[in-house]
Amino acid sequence: MKIQYYTLTGKSGGDVYFNLLMSSQKRLNNTVSHKSYHRNWSFLPYLLKPFIKINSECDLIHSNAEYGFVFKQNCPLIISVLHIIDEPLKKYYLSFSQKKYYSLMLSYIKQSLKMATFVVAISKASERTVKQLYDIPKIQTIYCGIDTNVFRPITIPPNPYFNKIKLLFVGNLTKRKGVDLLPKIMEKLDNRFLLFYTTGLRTPKVIFSDKRLIPLGRLSTDELVYWYNLCDICLLPTRLEGFGYAVAEAMACCKPVVTTNCSSLPEIVSDGENGFLCEMDNVADFVDKIRFLADNPQVREEMGIRNRQKIVENFNLEKMGKEYNQLYKRVIEEFYGHKR
């Protein structure tokens, strides 16, 4: 198969998703082409049409819901829905300009879903949201895959934080990710705790007044693996996740997670078994679960072992690649009336 991917570079989980997806298809010996455009085109993506370079030999085009409609050609169009900003998030956590932007995105998503030959959601939560908003008969959930050969347990040499409980937050420093809750959580924890945090892929560094919150900046993949292994607990007090890469990556590195009981996360984390799912915005709930794990190192170790097994069995890159490969073949056969 010849698959053409069109994306806008967003410096977000969407970039990670498409990069892993393309990698999975190359492993299956599919011919993969990729054309990426600057994320500023997301405001008015239809103006991008004159600049699009068409690959006339491709069997299928795959793009994102926020802008995929502009890449529609005379071949099957697969549209991925990563997440859709819901009304409570828009109402309570977004600025006026952000609300306007996401309202615009909803109109673009509607166009993309209307033109799509088939729609893929990356979690059951995203699939439910799509079905609530739009009449989409052809939609399927295919979970994201983690490269468990990359995100894995590794031996960490002695470090200067050996007598601390090390929390790790990975993601863009946005309200959607719950970054405003980090200092509130740390305020309730004693000096046994340190919280290391990245700046994600696109947000600038934020310095908190509490010196126990330590910025790491933007990390390479190898650095991420190091910090996942160095930490004791992965903390993500998010308010919306399409999938939850940071959670799954930490689990693949044998770490327990404390995150929010929202959107896709209950599909990855079983509360009390792989970590804890906390009530959204409930600082006390997050603090209680962190303290429990801090006081019970054996529980942390047992959760970590289960986490690695769960990701390897259910959320690995090979499984993701095979499911997309099967979908591509089925869509192509139905569209052209024969196998290509």
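Residues numbered from 1 in each chain as written. Predicted model: local features only at pLDDT ≥ 70, side-chain atom pairs only at ≥ 80, totals over all residues. Heavy atoms only, no water.

Caption draft 1: Representation of the overall build of the chain within the structure. A count of helical and extended segments in the chain gives 10 helices and 12 strands. Taken over the C-alpha trace, the chain has a radius of gyration of 20 Å; the compact-globule value for 340 residues is 20 Å, and the two agree within 12%. In terms of overall dimensions, the chain has C-alpha extents of about 65 × 45 × 30 Å along its principal axes. The buried share among the 340 residues of the chain stands at 55%. Sequence separation of at least 24 residues holds for 68% of the intrachain contacts in the chain that already meet a minimum separation of 6. Summed over all atoms, the accessible surface of the chain reaches about 15600 Å², with 51% contributed by carbon and sulfur. If the 47 positive side-chain charges of the chain are averaged to one point and the 33 negative ones to another, these points end up 6 Å apart. (Helix = DSSP H or I, 4+ residues; strand = E, 2+ residues; numbered from the N terminus. Rg over C-alpha atoms; globule rule 2.2 N^0.38 Å. Buried < 20%, exposed > 50% of the residue type's maximum accessible area, 1.4 Å probe, protein only. Contact = heavy atoms within 4.5 Å. Areas by Shrake-Rupley, 256 points an atom, 1.4 Å probe, with all protein chains shown as cover. Lys, Arg positive; Asp, Glu negative; His and termini not counted. Charge placed at Lys NZ, Arg CZ, Asp CG, Glu CD.)

Caption draft 2: Quick look at helix α6 (residues 221-230). Within α6 the residues assigned to the buried category are L224, V225, W227, Y228, N229 and L230. Buried residues along α6 sit against β7 (165-169), β8 (193-198), β9 (213-217) and α7 (245-252).

Caption draft 3: Inspection of the sheet that holds strand β4 (residues 77-81) at higher detail. The 6 strands are arranged β2-β1-β3-β4-β5-β6 in an open sheet whose pairing can be described as parallel. A single partner strand is all that each edge strand has here, and the edge strands are β2 (31-38) and β6 (139-141). Averaged over all pairs of adjacent strands, the angle between their axes in this sheet comes to 20°, without regard to strand direction. Across the sheet, helix α3 (residues 96-115) lies against β3 (60-64), β4 and β5 (118-121), angled at about 140° from β4, the strand it touches most. (Pairing = 2+ DSSP bridges. Axes fitted to C-alpha atoms, helices over the stretch in contact; angles between N-to-C directions.)

Caption draft 4: Expanded view of the packing of aromatic side chains. Counted according to the given criterion, the structure contains 21 aromatic pairs. On the numbers, 5.1 Å between centres and 75° between planes, the contact of Y143 with F315 is edge-to-face. Highlighted residues: Y143 in the loop between β6 and β7 and F315 in the loop between α9 (297-314) and α10 (317-336), separated in sequence by 172 residues. Residue classification places F315 among the buried residues on the basis of a relative accessible area of 3%. K35 extends its terminal NZ or CZ atom over the ring of Y37, reaching a point 5.5 Å from the ring centre. (Phe/Tyr/Trp six-rings, centres within 6.5 Å; stacked < 30°, edge-to-face > 60°. Lys NZ or Arg CZ within 6 Å of the ring centre and 35° of its normal.)

Caption draft 5: Highlighting helix α8 (residues 283-295). Between the first and last C-alpha of α8 there are 18 Å, a value that for 13 residues agrees with the 18 Å anticipated at 1.5 Å per step. Within α8, the full set of buried residues consists of V283, D285, F286, V287, I290, L293 and A294. (Expected span 1.5 Å × (residues − 1).)

Caption draft 6: How the structure looks around unusual backbone geometry. The phi dihedral of C254 is positive, around 70°, even though this residue is not glycine. The topology assignment puts C254 in the loop between α7 and β11 (257-260). Note on C254: relative accessible area 24%, which makes it partly exposed.

Caption draft 7: Up close: the pairing of β4. Of all 5 residues in β4, 5 are buried, a share of seventy percent or more. Side chains L77, I79 and V81 of β4 all project onto a buried face; the interleaved residues I78 and S80 project onto the opposite face, where all are buried too. Both β3 and β4 contribute to a ladder of 4 bridges, which runs parallel. The partner of N64 across the bridge, within β4, is S80.

Caption draft 8: Summary view of the pairing of β11. Strand direction decides the pairing type here: strand β10 (residues 233-236) and β11, joined by 3 bridges, are parallel. Paired with C234 across the strands is V257, a residue of β11. Note on the crossover from β10 through α7 to β11: the handedness is right-handed. Taken together, the 4 bridges between β11 and strand β12 (residues 275-278) define a ladder with parallel strand orientation. Paired with V257 across the strands is G275, a residue of β12. (Right-handed = clockwise from strand over helix to strand, strands pointing away.)

Caption draft 9: Summary view of the sheet that holds β11. Overall, parallel pairing links the 6 strands, which are arranged β9-β8-β7-β10-β11-β12 in an open sheet. Two strands close off the open sheet at either side, each with one partner strand: β9 and β12. Mean inter-strand twist for the sheet, computed between neighbouring axes without regard to direction, equals 25°.

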